[in-house]
Amino acid sequence: MLVPDTPNLLDQLLPDRHPQADFFICDVADAVLKDLMPSMEHPFYALSKKPDTAIRRYEHEGKWLEVVPSVKGQATIYDKDILIYVVSQIMHKLNRGEQVERRLRFNPRDLLIFVNRGTGGKDYGAFCEAIDRLMGTVIKTNITTSGSDADLPMGDEERLGWFHLIEKAHIQRKNNADDGRIMWAEIEISEWIFNSIRRKSVLTLHRDYFRLRKPIERRVYEIARKMCGSQTSFEIGLNKLLKRTGARTELKRFRHTLKEIATHNHLPDYLVMFDEERDVVVFQSRGTVVSVSGKDRPEISDLKPDTYERARAAAPGWDVRVLEQEWRAWAGKVPKSADAAFVGFCKKRFAEKGRP
């Protein structure tokens, strides 16, 4: 078995352009498919930056979907960053008990910082091009996300749905702006995706997801995140993993790619090991994914916004959202003051381990 090495981890990642930015939640399409088809991974997004206009179809146990790109190409895994941001914000509001809807207005600069992009004119231009592809890509499927079986077809009937990943979009920008900066953007996601948010069918991603350099690395991490989750380990045959990535490459080349990933061992949350004799990839948890589904987990209230600033001061260099997950899973009971308890947890962590 090819066992991963660790010294080059940071060297393999993109620089953290905005180290003070918060990371919150989540994955969209993969989480939906996890909820409906636990044993299958369907790639919604192209892994190439070159325009991909080919129609793709995926099937599993009677469920199927077709991805139909526009003339500008299928939405890419980098375009998906926009949906991750939008769904993260909607989920955050939903978890705070706020009213949510399919439309979200935001400052694109916040999004660019969130996904570890630059904030220059070319980055705003790329943002607009990504919206083109997300709106142009049509998903045709018999998968439903309404959460209710009361009105589903019976017997030999089948319900089909067509939707765009983004239904509508608007931007506001100043005339003749040299830097291309957009004052605000408003995006309306599809009802299909919105239903999955309301059902909280989402996954938490590590912040370093946006620092992975190659599309295939992001895809492999997503699959590991979904299939391994918070388990100790999970293994999958190389050929099956290739199919789930949606990568258009030969198995021989894909094998070489996985060996490289295993050698550098730079994916967040999981170690990657490659068993050459069995042609199997093994994902092993680094222990950074915290399961929050246990029944014994105390229901601790949401923290105040300024608590995160106090937490950053208490634990410089740490991702306070990750620390919050660990603290909530660790807490044995509901504290009198959740905010004070969390800041105390951060102080203790920093005193014990210093900077990460």
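Residues numbered from 1 in each chain as written. Predicted model: local features only at pLDDT ≥ 70, side-chain atom pairs only at ≥ 80, totals over all residues. Heavy atoms only, no water.

A. Structural context of the sheet that holds strand β10 (residues 280–285). Read from one edge of the open sheet, 3 strands run β8-β10-β9, paired in antiparallel fashion. Every other strand in the sheet has two partners, leaving β8 (233–237) and β9 (270–275) as the edge strands with one partner each. The mean inter-strand angle of the sheet, taken between neighbouring strand axes irrespective of direction, is 20°. Of the strands in this sheet, β8, β9 and β10 touch helix α6 (residues 215–227), which is tilted by about 100° from β9. Those strands touched by helix α7 (residues 238–245) are β8, β9 and β10, and its axis lies near 90° from that of β8. (Pairing = 2+ DSSP bridges. Helix = DSSP H or I, 4+ residues; strand = E, 2+ residues; numbered from the N terminus. Axes fitted to C-alpha atoms, helices over the stretch in contact; angles between N-to-C directions. Contact = heavy atoms within 4.5 Å.)

B. Geometry of the sheet that holds strand β7 (residues 182–189). Strands sit in the order β3-β7-β6 across an open sheet of 3 strands; the sheet is antiparallel. Taken across any chain shown, the strands that pair with only one partner, and hence form the sheet edges, are β3 (103–106) and β6 (166–173). Neighbour-to-neighbour, the strand axes of the sheet open up by a mean angle of 10°, direction not taken into account. As paired strands, β6 and β7 are joined by 7 bridges and run antiparallel to one another. Paired with Ala169 across the bridge in β7 is Ile187. Running over the sheet, helix α4 (residues 121–136) touches β3, β6 and β7 and is turned about 155° from β6.

C. Spotlight on the environment of Met135. Among the secondary structure elements, Met135 is positioned in helix α4. Residue Met135 is classed as partly exposed on the basis of its relative accessible area of 28%. Distance from Met135 to Ala169, taken between C-alpha atoms, is 8.4 Å for residues 34 residues apart in sequence. (Buried < 20%, exposed > 50% of the residue type's maximum accessible area, 1.4 Å probe, protein only.)

D. Region of interest: the packing of aromatic side chains. By the definition in use, this model includes 12 aromatic pairs. Put simply, the rings of Tyr85, Phe106, Phe114, Phe127, Tyr209, Phe210, Tyr221 and Tyr270 pair up and form one aromatic cluster. The lysine or arginine in question, Arg57, covers the ring of Trp64, its NZ or CZ lying 4.3 Å from the ring centre. For Arg349, the ring lying beneath its charged end belongs to Trp318, and the centroid distance is 5.4 Å. (Phe/Tyr/Trp six-rings, centres within 6.5 Å; stacked < 30°, edge-to-face > 60°. Lys NZ or Arg CZ within 6 Å of the ring centre and 35° of its normal.)

E. Seen up close, the pattern of salt bridges. Tallied over the full model, the rule gives 21 salt bridges. When the shortest N-O distance is used, the salt bridge between Lys122 and Asp123 registers 3.6 Å. Owing to a relative accessible area of 68%, Lys122 belongs among the exposed residues under this scheme. The partner of Lys214 in a salt bridge is Glu260, and the shortest N-O contact between them spans 4.0 Å. Here Lys214 is found in the loop between α5 (191–198) and α6, whereas its partner Glu260 is found in helix α8 (residues 251–264), with 46 residues between them in sequence. A relative accessible area of 41% means that Lys214 is categorised as partly exposed. Note on Glu260: relative accessible area 32%, which makes it partly exposed. Via salt bridges that share partners, Asp52, Arg56 and Arg248 belong to a single interconnected network. (Salt bridge = Lys/Arg side-chain N within 4 Å of Asp/Glu carboxyl O.)

F. Layout of the packing of α7 against α8. In the contact formed by α7 and α8, the axes pass within 10 Å of each other and the chain directions differ by 95°. Here α7 is positioned roughly perpendicular relative to α8, judged by the angle of their axes. Residues Leu238, Asn239, Leu241, Leu242 and Thr245 of α7 pack against Leu251, Phe254, Arg255 and Leu258 of α8. Class assignment of the residues belonging to the contact of α7 with α8 gives a composition of 6 nonpolar, 2 polar and 1 charged. (Parallel < 35°, antiparallel > 145°, perpendicular 65-115°, else oblique. Nonpolar A, V, L, I, M, F, W, Y, C, P; charged D, E, K, R; others polar.)

G. Quick look at α6. With 13 residues, α6 ought to run about 18 Å at 1.5 Å a step, and its terminal C-alpha atoms sit 18 Å apart, in line with that. Most of α6 sits out of view: 13 of its 13 residues are buried. Backbone geometry just downstream of α6 places Gly229 in the positive-phi region, at approximately 60°. (Expected span 1.5 Å × (residues − 1).)

H. Layout of unusual backbone geometry. The phi dihedral of Asn116 is positive, around 65°, even though this residue is not glycine. The residue Asn116 is located in the loop between α3 (108–114) and α4 in this model. Judged by relative accessible area, Asn116 falls into the buried class, the value being 7%. Unlike most non-glycine residues, Asp279 shows phi in positive territory, near 60°. With respect to the secondary-structure elements, Asp279 resides in the loop between β9 and β10.

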